[in-house]
Amino acid sequence: MAISRETIEYVANLSRIQLSEEELKKISGQLAAILDFIDKLKNADIGNVSPTSHILPLNNILREDSPKESLPAVQALANAPQKKNDFYAVPKVIE
Amino acid sequence: MLNKLTAHELLEKLEKKETTVNDIATALSSRIQEVDPRVRAYVRLAQPGQINQCGLPISIKDNICTEGLNTECCSKILEGFKPPYDATVIKKLKSAGIAIWPNKLNMDEFAFGSSTENSSFGPTHNPWNLECVPGGSSGGSAAAVAADEAIWALGSDTGGSIRQPAAFCGVVGLKPTYGRVSRYGLIAFASSLDQIGPLTKDVRDSALLMNIISGHDEKDSTSADIPVPDYTQALHGDIKGLKVGVPKEYFIEGMDPETRKIVDEAINKLKSLGAQVAPVSLPNSQYAVPVYYIIATAEASSNLARFDGDQYGLRKAGIQNLIESYKQTRGEGFGQEAKRRILLGTFALSHGYYDAYYLRALKVRTLIKNDFDKVFSEFDCIVAPTAPTPAFKIGEKSADPLSMYLSDIYTISVNLAGIPAISLPCGLTKSGLPIGLQILAKPFAEETIFRAAYAYEQSTEWHKLKPKL
């Protein structure tokens, strides 16, 4: 199926990915070809079939809410691109 | 020459005090310096003199967290990331006395690929023919083991990423049952499909490694609370009466005739060893690749949302607005295939397309799983080729994502159904490239796989062949 420029821009925005003009054109064509291939799924008979999102019969795995050892802040923040005291520092969120 | 031996041979030598871990590390280190500038299985060129090992070494794919040791998923967006903790598999290896080799193995960025060409460190080369790809995404793991630059290795498999490179490089690669091995500390690609597994020189090493890494982990709620058997008990060589199915849908037009001939010979070998071989049908196989590229990309688009430059990795400097910072950081940090997959997955999950793509794919996934359930109600295992062709040339498929995706046509349905499967060497093409035989079994029947694989391996010499480098 053809995929419009608006759709790609919309999806790129949802994905928080900046695309160059060149990337946008290239990826539009590639996604169209992939979606054409995926359209094969329309031939599958899924009338009364229930979806499988996960293969093991596991539901609501819970554990006791008890305190355990955790990473010290220094270690947890060691990879931060920017930090302030014991916090991650990010560009301003609120205008 | 210690680096050429298998892990079980080396463990025996260590036990008998015929060698030391330092001798093994030295042999490995000099082999890496000799061949890795050509193979590029490791992400960084080795620095002589830094190796100080405390046990038999194992090499690890770049997406499995190793405390204090760079783990970057071969992506620019995770450049410089040093995990503050070990993945559960790494913890288990360390408690078993195994040492982690201090240089990670190359892969396609975030495991997105079938050729190890999509790496921020550049491509890995196939040790059997340096102009060919090693397969992917665990191409570094497979190439390192094949080139005797690693004793054994861990990889991860979401749609064939252990088995297809194992086939292309002539080594043994196992994708365990979903839930058999903890995923804690494996940087997530598609959480309902990912499994960590071994790449080894023979089947015994694969079983030994599974003994160490398998089992329930409270840190991975999808890991199964099922006892772990001693997998080496299945290595007795007797497969008389084993019921083996051969799916007719896997031997289709478009499959390389030489690959087909080699796999047919392997199936005849199983017959001569006493297996009862019969044709079976997996009628929904044709849908596996399209289902996978919806489900895997949808899950990836969600999992990769965390890479935004807030907590780790790359952050584009000098941007005042948070959303703009995310967009530019991700635009610069992700490679082409990662962008393509995140966009495709986001599209499949977006309003207006969810039912037509994502929900439909989940339903067809049920059909694929049902096909396997039906066959396994009558058969112990299924044998098939691992890949439709031998290793292809570097650059041959990188411009056409769809043709790359189709190289996983025989491996993908295993992940969708959550079942275990192994690839082991079963021959060489006339041009000298390895071919892999795939053996599949029902969930948690790794023992059946090891039993069949070991019997086949021990009656052939393929696993002893080494590439000339």
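Residues numbered from 1 in each chain as written. Chains lettered and ligands numbered in written order. Predicted model: local features only at pLDDT ≥ 70, side-chain atom pairs only at ≥ 80, totals over all residues.

Looking at the overall build of chain A
The secondary structure content of chain A amounts to 3 helices and 2 strands. The helix and strand sequence of chain A, counted from the amino end, reads α-α-α-β-β. Over its C-alpha trace chain A gives a radius of gyration of 23 Å, far above what one expects of a compact globule, namely 12 Å for 95 residues. Projected onto the principal axes, the alpha-carbon positions of chain A cover approximately 55 × 45 × 25 Å. In chain A, which comprises 95 residues, the proportion classed as buried is 17%. (Helix = DSSP H or I, 4+ residues; strand = E, 2+ residues; numbered from the N terminus. Rg over C-alpha atoms; globule rule 2.2 N^0.38 Å. Buried ≥ 20, exposed ≤ 12 C-beta atoms within 10 Å, placed from the backbone.)

Points about the packing of helix α6 (residues 203–213) of chain B against helix α14 (residues 446–458) of chain B
All names here are of chain B. Here α6 crosses α14 at 160°, and the two axes come no closer than 9 Å. It follows from the interaxial angle that α6 and α14 lie roughly antiparallel. Helix-helix and strand crossings are classified by hand; for α6 and α14 the assignment is left-handed. Side by side, α6 and α14 meet where Val203, Ala207 and Met210 of the first sit next to Glu446, Phe450, Ala453, Tyr454 and Glu457 of the second. Taken together, the residues that form the contact of α6 with α14 break down as 6 nonpolar, no polar and 2 charged. (Axes fitted to C-alpha atoms, helices over the stretch in contact; angles between N-to-C directions. Parallel < 35°, antiparallel > 145°, perpendicular 65-115°, else oblique. Left-handed = near helix turned anticlockwise from the far one by under 90°. Contact = placed C-beta atoms within 7 Å. Nonpolar A, V, L, I, M, F, W, Y, C, P; charged D, E, K, R; others polar.)

Examining the sheet that holds strand β6 (residues 243–247) of chain B
All names here are of chain B. If you trace the 10 strands from one edge of the open sheet to the other, you get β2-β1-β3-β5-β4-β9-β10-β8-β6-β7, paired in mixed fashion. This sheet does not close on itself; its edge strands, each paired only once, are β2 (98–100) and β7 (276–280). Each adjacent strand pair in this sheet contributes to an overall mean axis angle of 30°, direction not counted. In the packing of helix α2 (residues 21–39) onto the sheet, the strands contacted are β1 (56–60) and β2, and the crossing angle to β1 comes to about 40°. Against the sheet, α6 engages β4 (172–175), β5 (195–200) and β9 (421–428), with an angle of about 145° to β5. (Pairing = 2+ DSSP bridges.)

Quick look at the interface of chain B and chain A
Listed per partner, the contact involves 57 residues of chain B and 43 residues of chain A. When contributions to the side of chain B that touches chain A are tallied by element, the ones reaching two or more residues are α8 (288–303), α9 (322–333), α10 (336–349), α11 (354–376) and α12 (401–405) of chain B. Here the side of chain B that touches chain A gets 10 residues from one element, more than from any other, and that element is α11(B). Residue composition of the side of chain B that touches chain A, grouped by class: 27 nonpolar, 17 polar and 13 charged.

A look at unusual backbone geometry
A cis amide bond links B:Gly136 with the next residue in sequence, B:Ser137, at an omega value of 10°. With respect to the element layout, B:Ser137 can be found in the loop between β2 and α4 (139–146). Positive phi, close to 55°, is recorded for A:Arg16, a residue that is not glycine. With respect to the helices and strands, A:Arg16 occurs in the loop between α1 (5–14) and α2 (21–38). Of the residues examined, A:Arg16 has 20 C-beta atoms within 10 Å and is grouped as buried. The backbone of B:Cys73 sits at a positive phi, close to 50°, despite the residue not being glycine. In this structure, B:Cys73 sits in the loop between β1 and α3 (88–95).

Things to note about the confidence of the model for chain A
Scored by pLDDT, chain A has a mean of 91; 98% of the residues are at 70 or more. The weakest mean pLDDT in chain A belongs to helix α3 (residues 73–76) of chain A at 92; the strongest belongs to α1(A) at 95. (pLDDT = per-residue confidence, 0-100.)

A short note on the pairing of β9(B)
Regular strands place side chains that alternate from one sheet face to the opposite one. Residue and element names in this part refer to chain B. A large share of β9 lies buried, amounting to 7 of its 8 residues. With 7 bridges connecting them, β9 and strand β10 (residues 434–441) associate as antiparallel partners. Within β10, the position partnered with Ser423 by the bridge is Gln438. Between β9 and β10, which pair antiparallel and follow one another directly, the connecting turn spans 5 residues, one of which, Gly432, has a positive phi of 85°.

Things to note about the pairing of β1(B)
Residue and element names in this part refer to chain B. In terms of residue burial, β1 counts as a mostly covered element, since 5 of its 5 residues are buried. A two-sided burial pattern is seen for β1, the buried positions comprising Leu56, Ile58 and Ile60 on one face and Pro57 and Ser59 on the other. In terms of strand pairing, β1 meets β2 through 3 bridges, oriented parallel. Looking at the pairing, Leu56 lines up with Ile98 of β2. Running through α3, the crossover from β1 to the neighbouring parallel element β2 is right-handed. (Right-handed = clockwise from strand over helix to strand, strands pointing away.)

Let's talk about the environment of B:Gly160
Residue and element names in this part refer to chain B. Summarising the element assignment, Gly160 is placed in the loop between β3 (153–157) and α5 (163–169). Judged by C-beta crowding, with 32 C-beta atoms within 10 Å, Gly160 ranks as buried. Once the C-alpha coordinates of Gly160 and Ile409 are considered, the two residues, 249 residues apart in sequence, prove to be 8.9 Å apart. Discounting chain neighbours no more than four positions away, the residues touching Gly160 are Asp408, Thr411 and Ile412.

Concerning α10(B)
Helix length check: α10(B), at 14 residues, gives a terminal C-alpha distance of 20 Å against a target of 20 Å (1.5 Å per residue), a fit within 8%. Restricting attention to buried positions, one finds in α10(B) the residues B:Ala338, B:Lys339, B:Arg340, B:Arg341, B:Ile342, B:Leu343, B:Leu344, B:Gly345, B:Thr346, B:Phe347, B:Ala348 and B:Leu349. The elements touched by buried residues of α10(B) are α1 and α2 of chain A together with α8, α11 and α12 of chain B. (Expected span 1.5 Å × (residues − 1).)

Details of the environment of A:Lys25
Take A:Lys25: it is sitting in helix α2. A:Lys25 sits 20 residues away from A:Arg5 along the chain, and the two C-alpha atoms are 8.2 Å apart.

Topic: the confidence of the model for chain B
When pLDDT is averaged along chain B, the result is 96, and 99% of the positions lie at 70 or above. Overall fold confidence (pTM) sits at 0.97, and the ipTM for the predicted complex is 0.95.

Observations concerning α11(B)
Residue and element names in this part refer to chain B. In this model α11 runs 32 Å from its N-terminal to its C-terminal C-alpha over 23 residues, within 8% of the 33 Å that 1.5 Å per residue would give. At Arg360, α11 shows its maximal bend, which comes to roughly 30°. What α11 keeps buried is the set Tyr357, Tyr358, Arg360, Ala361, Leu362, Lys363, Val364, Arg365, Ile368, Asp371, Phe372 and Phe376. Its buried side turned inward, α11 meets α8, α10 and α13 (412–417). (Bend = angle between axes of the 7 residues up to and from the residue.)

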